[in-house]
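The residues making up each chain are set out below.
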Amino acid sequence: MKVLRVLAKVLLGIIVFIFFLLYVVIPVGVPWAVSSQASKLLKHPVRMGTVWVNPFLMRVSVNGLHVYEADKKEVIAGFDRFWADLSFLKLFQQEYRVESIGLENLVVNAVQLPDGTINLASLAPAPAVAPAPAAAQLPAQSEAQPLPKAVIDKVLLSNAAVSFTDRSVTPQFVTRLRGMNLTVTDVSTDPQRIAKAVFE
C-alpha cells in the first residue's frame, strides 16, 4: 500500500507540473522572454501575446506578435494570431509533417525615410564579418546530402495588410493593400510534388 501511495503522489506531482508548465510557464514566461530578447536584438519594442501549446493535439498557437517603432506608436510589422498543427503519425517513417500553418491579420508598414533608407532594414541585425580562410584551410567539397522528408499540407495567410509610405518626397506618398488572402497547399521537399497557391 505504501508503494502505491508513493506512486500516486509521484504521478500526481508529474500531472501538476505538466499543467503548471503548459498553462503558466509557457503562456506567460515565453512571451516575456521573447519580447525582452527580441527587443534587445532588433533595437525596437517587441510585444508578444500568450503562447498556447497542446501536446495532445500537437498544436502551437501565438496570440499576437508586433514590432513597434521606437516611439511605440506605430507598428512596423506583426500579426494577431499564428498557429501550427503538427502530425506525429509519420515520424516513425522519418517524415516530418505539418498539417497546417496559419497567420491571421499580418501587418507590414514599410516606410522610406527622408534619407532614402527603409525602416524594415533596421530590423535586420548587422552581418558579422569573418576573416576569409586561407586557401590551404578550405574544406574539401563533399557530396550534397538529400533533404529530409518534410511536408506542409496547408499554409494559410488571411486578411493581410501591407502599406508603403514614402517620406522622401513632399507631399509624402502612401499606398495600402488590405484584405489579402493566400492559401498554399502540398509544400514538400520532394521535387516530384508541386505546390499549389491561390491568392485573393
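How each quantity is defined
- Residues numbered from 1 in each chain as written.
- Predicted model: local features only at pLDDT ≥ 70, side-chain atom pairs only at ≥ 80, totals over all residues.
- Heavy atoms only, no water.
- Helix = DSSP H or I, 4+ residues; strand = E, 2+ residues; numbered from the N terminus.
- Areas by Shrake-Rupley, 256 points an atom, 1.4 Å probe, with all protein chains shown as cover.
- Buried < 20%, exposed > 50% of the residue type's maximum accessible area, 1.4 Å probe, protein only.
- Pairing = 2+ DSSP bridges.
- Polar contact = N/O pair within 3.5 Å; in protein donor to acceptor, adjacent residues only side chain to side chain.
- Contact = heavy atoms within 4.5 Å.

Asker: How should I be thinking about the overall build of the chain in this particular structure?
Answerer: On a plain count of helices and strands, the chain comes out with one helix and eleven strands. Tracing the chain from N to C terminus, the helices and strands come up as α-β-β-β-β-β-β-β-β-β-β-β. Carbon and sulfur atoms provide 67% of the accessible area of the chain, an area that totals close to 14500 Å².

Asker: Please explain unusual backbone geometry as it appears in this structure.
Answerer: In the segment running from Thr170 into Pro171, the intervening peptide bond is cis, with an omega of -5°. Of note, Pro171 is situated in the loop between strand S9 (149-166) and strand S10 (173-188). At Lys43, a position not held by glycine, the phi torsion is positive, near 60°. Inspection of the secondary structure puts Lys43 in the loop between helix H1 (2-42) and strand S1 (46-48). Residue classification places Lys43 among the exposed positions, given a relative accessible area of 69%. Positioned with a positive phi, Asn159 is a non-glycine residue whose angle comes to about 55°.

Asker: Hey, could you run me through the pairing of S10 in this one?
Answerer: Pairing geometry for S9 and S10, over twelve bridges, is antiparallel. Within the sheet, the bridge partner assigned to Lys154 lies in S10 and is Thr185. Where S9 hands over to S10, the hairpin turn is made up of six residues, counted between the paired strands.

Asker: Help me out: how do you make sense of the side chain of Ser35 in this one?
Answerer: Tracing the backbone through its elements, the reader meets Ser35 in helix H1. Among the polar contacts listed, one links the side chain of Ser35 to the backbone oxygen of Pro31, at a separation of 2.8 Å. Those residues in contact with Ser35, other than ones at most four positions away along the chain, are Val46, Arg47 and Met48.

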